[in-house]
Protein chains: 2
Amino acid sequence: MAETQQNQQKFPAVQGGGSLIVAWQVKGKKILVVGGGEVAAGRILNCLNADALVTVISPAARLNPEVAYRVAEKQITHIDRNFEPADLDDPAINMVLVAVDDPAASTTIWKLCKEKRIPANIADVPPECDFYFGSVHRDGPLQIMVSTNGKGPRLASTIRKFIATKLPRDAGSAIETVGRLRVKLRQMAPDPKDGPKRMGWMTSVSDAYSWDEMCGMTDEDMNNLLRYYPSGKVPSIDVLKAMRGNPDVSQLDVFDGSFGFSVGA
Amino acid sequence: MAETQQNQQKFPAVQGGGSLIVAWQVKGKKILVVGGGEVAAGRILNCLNADALVTVISPAARLNPEVAYRVAEKQITHIDRNFEPADLDDPAINMVLVAVDDPAASTTIWKLCKEKRIPANIADVPPECDFYFGSVHRDGPLQIMVSTNGKGPRLASTIRKFIATKLPRDAGSAIETVGRLRVKLRQMAPDPKDGPKRMGWMTSVSDAYSWDEMCGMTDEDMNNLLRYYPSGKVPSIDVLKAMRGNPDVSQLDVFDGSFGFSVGA
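Residues numbered from 1 in each chain as written. Chains lettered and ligands numbered in written order. Predicted model: local features only at pLDDT ≥ 70, side-chain atom pairs only at ≥ 80, totals over all residues. Heavy atoms only, no water.

## Considerations on the overall build of chain A
A tally of helices and strands in chain A yields 10 helices and nine strands. Against the 2.2 N^0.38 benchmark of 18 Å for 265 residues, chain A shows a C-alpha radius of gyration of 25 Å, more extended than a compact globule. The C-alpha extent of chain A, read off along each of the three principal axes, is 75 × 60 × 40 Å. When burial is assessed residue by residue, chain A has 47% of its 265 residues classed as buried. Looking at chain A as shown, the accessible area adds up to about 12,700 Å², and 52% of this sits on carbon and sulfur atoms. (Helix = DSSP H or I, 4+ residues; strand = E, 2+ residues; numbered from the N terminus. Rg over C-alpha atoms; globule rule 2.2 N^0.38 Å. Buried < 20%, exposed > 50% of the residue type's maximum accessible area, 1.4 Å probe, protein only. Areas by Shrake-Rupley, 256 points an atom, 1.4 Å probe, with all protein chains shown as cover.)

## Some details on the relation of the copies chain A and chain B
Superposition of chain A onto chain B requires a rotation of 180° combined with a translation of 0.0 Å along the rotation axis, giving an RMSD of 0.1 Å. Each copy turns onto its partner about a two-fold axis. Among all residues of chain A, the minimum C-alpha distance to the rotation axis is found for A:Met145, at 2.5 Å. When you check the interface residues of chain A against chain B, 100% turn up at the interface there too, and the contact is symmetric in its surfaces. (Least-squares fit on C-alpha atoms with pLDDT ≥ 70 in both. Contact = heavy atoms within 4.5 Å.)

## Concerning the packing of helix H2 (residues 38-49) of chain A against helix H3 (residues 65-72) of chain A
All names here are of chain A. Look at H2 against H3: their axes get within 9 Å of each other, and the N-to-C directions meet at 40°. By the angle between their directions, the pair H2 and H3 is classed as oblique. The hand of the H2/H3 crossing is left-handed. Across the interface between the two elements, Ala41, Ile44, Leu45 and Leu48 from H2 touch Glu66, Val67 and Arg70 from H3. Looking at the contact of H2 with H3 residue by residue, the classes come out as five nonpolar, no polar and two charged. (Axes fitted to C-alpha atoms, helices over the stretch in contact; angles between N-to-C directions. Parallel < 35°, antiparallel > 145°, perpendicular 65-115°, else oblique. Left-handed = near helix turned anticlockwise from the far one by under 90°. Nonpolar A, V, L, I, M, F, W, Y, C, P; charged D, E, K, R; others polar.)

## Considerations on helix H4 (residues 103-115) of chain B
Residues and elements named next belong to chain B. Between its terminal C-alpha atoms H4 stretches 18 Å, which fits the 18 Å expected from 13 residues at 1.5 Å a residue. For H4, the complete set of buried residues consists of Ser106, Ile109, Trp110, Leu112 and Cys113. Seen from one end, H4 has its buried residues packed into an arc of 165°, which puts them on one side. Exposed positions of H4 whose direction lies more than 90 degrees from the buried face are Pro103, Ala104, Lys111 and Glu115. In this structure, the buried residues of H4 make contact with strand S2 (30-34), strand S5 (93-98) and strand S6 (120-122). Residue Arg117 follows H4 closely and has a positive phi angle near 55°. (Expected span 1.5 Å × (residues − 1). Arc of directions from axis to C-beta.)

## Observations regarding the UniProt feature "domain: Siroheme synthase central" (unreviewed entry) in chain A
Taking the numbering used here, the UniProt-annotated feature "domain: Siroheme synthase central" (unreviewed entry) corresponds to residues 139-164 of chain A. Between the C-alpha atoms that bound residues 139-164 of chain A the distance is 9 Å, and the span itself is 46% helix and 27% strand. (UniProt positions renumbered as here; feature names shortened; annotations may be inferred.)

## Quick notes on the environment of B:Ala40
Residues and elements named next belong to chain B. One can find Ala40 in helix H2 (residues 38-49). The spatial distance from the C-alpha of Ala40 to the C-alpha of Asp238 is 50 Å, given a sequence separation of 198 residues. Once you skip the residues sitting within four places of it in the chain, Ala40 turns out to touch Val33, Gly35 and Ala99.

## Thoughts on the confidence of the model for chain A
Across chain A, the average pLDDT comes to 88, with 91% of residues at or above 70. pLDDT under 50 marks residues 251-265 of chain A. Its contacts with residues more than four places away, or in other chains, come to 27 contacts. (pLDDT = per-residue confidence, 0-100.)

## Quick notes on the packing of helix H5 (residues 153-166) of chain A against helix H6 (residues 171-188) of chain B
Two quantities define a packed helix pair, namely the angle between the helix axes and the distance between the axes. One can describe the packing of H5(A) onto H6(B) by two numbers: an axis separation of 10 Å at closest approach and a directional angle of 155°. When the axes of H5(A) and H6(B) are compared, the pair comes out roughly antiparallel. On H6(B), the residues that touch A:Pro153, A:Leu155 and A:Ile159 of H5(A) are B:Ala174, B:Ile175, B:Val178 and B:Arg182. For the contact of H5(A) with H6(B), a count of residues per class yields six nonpolar, no polar and one charged.

## Some thoughts on the interface of chain A and chain B
Listed by partner, the interface residues are 81 residues for chain A and 81 residues for chain B. The contact between chain A and chain B buries some 7,400 Å² in all, and 61% of this surface belongs to carbon and sulfur atoms. Ranking the residues of chain A by area buried against chain B places A:Leu20, A:Trp24 and A:Arg117 at the top, with a combined share of 11%. Along the contact surface separating chain A from chain B lie five salt bridges. Of the charged contacts, one joins A:Arg154 and B:Asp207 as a salt bridge, the two residues approaching to 2.7 Å between their closest N and O atoms. Counting across the interface, chain A meets chain B through 40 residue pairs in polar contact (both at pLDDT 80 or more). Here the side of chain A that touches chain B gets eight residues from one element, more than from any other, and that element is H5(A). Of the residues belonging to the side of chain A that touches chain B, the class tally is 43 nonpolar, 23 polar and 15 charged. (Buried area = accessible area lost by both parts, 1.4 Å probe. Salt bridge = Lys/Arg side-chain N within 4 Å of Asp/Glu carboxyl O. Polar contact = N/O pair within 3.5 Å; in protein donor to acceptor, adjacent residues only side chain to side chain.)

Spelled out as structure tokens, the structure:
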């Protein structure tokens, strides 16, 4: 009993009623969009932003201007007719998004998708959805998705815009920098055995600098920073700046543990 | 040409390189978690927060304390051995999450999942993932997921915490209120034909009040607010407050278009 209580305090309590929010990887994968109206246009943009191969099925006369534009620009493939069951025969179809004003047709497509185990979303019909969409803020590699779990789609969009005003201006660019540093580090220390050390050091790096400092980091700074990895240390931004253009910096005693303090002097 | 340029300005540009972020619906659905370490513990909590039925497959000796606690509390089902291919035979399995330190075993499970078209995530092996996880803020019905698309998992967590400090204190509760209002409205005006009118009015309502005002709304306020729906109008919060406990409010001229201004007087 005492142990159970201790554990209840120690481990996070379950908060049911949410969704499992995931970043689906659809680069180069086929997504079928049935319908070509305003909702379909939003879905299509989401898919293109994730580098999916999108095919839209809809009579040309019913394409909204944005969808028609993306067809004309060859951003997406267009099948100029209503949906037919054979459209799902391609085993490479990764996902199906339906946005048509025809509940009976929607339900038929949903059932076919379930038979074939293809993840599907029927717009505005929650029981016929493997997943919902939310409101997504995008800044380079950064994506922030706001879901109200169907309670208030408009509020989701309001919250997304509110968050966008609060984020550091260069958040996306700072994340790019960290991403490049991770790649460089993996090239320098590729051994899978070093995984925990790499992860630990990257965590220290992520915590050591402000957004602004991260954004201002040059390739030279990153290369200098990486020289600290073997020691597990992370220098201050002032130390990194002092190292710029200083080819003799390796002569300094910054890599022996006393690290950094003499460099800026 | 001129038209193309106009359209380029009119429609959002595609920003490739992102993920398709979706809120997966797993309530009452079976999710298999292979492995019982720290990463598995995080995945399991995500799944339980989304009301999934979780089965964890791992020798008992390798369960981390949190996973062992959730098994003991019967929050999840436990199969006390290593993974076997027959574990995937149940057609009700909705998703498979693998977090074991065994790349060969992981790859085998990934391939089996793909044969059976079961969405899967092999932790730390991006090419063997249909989807990635991110860092999720949770406040009742509100979920905010931060993804750096693999560039900086630590930064994702930093950004999530940063956002949490900026959000209005009662965001989750305000969303609950709006959700309840939507349900009441659908009961009052259930005709599917009224969908656009309902959606338009809910949008006006969502835009009309501050978070604080939304949170403070009582059931009586909501019922009074709903009386404005037929007119398509939305009263100020002061008007709603003035209506409290006033059974004769329907006598006032607030529903005829001149709406609201006399009520607070």
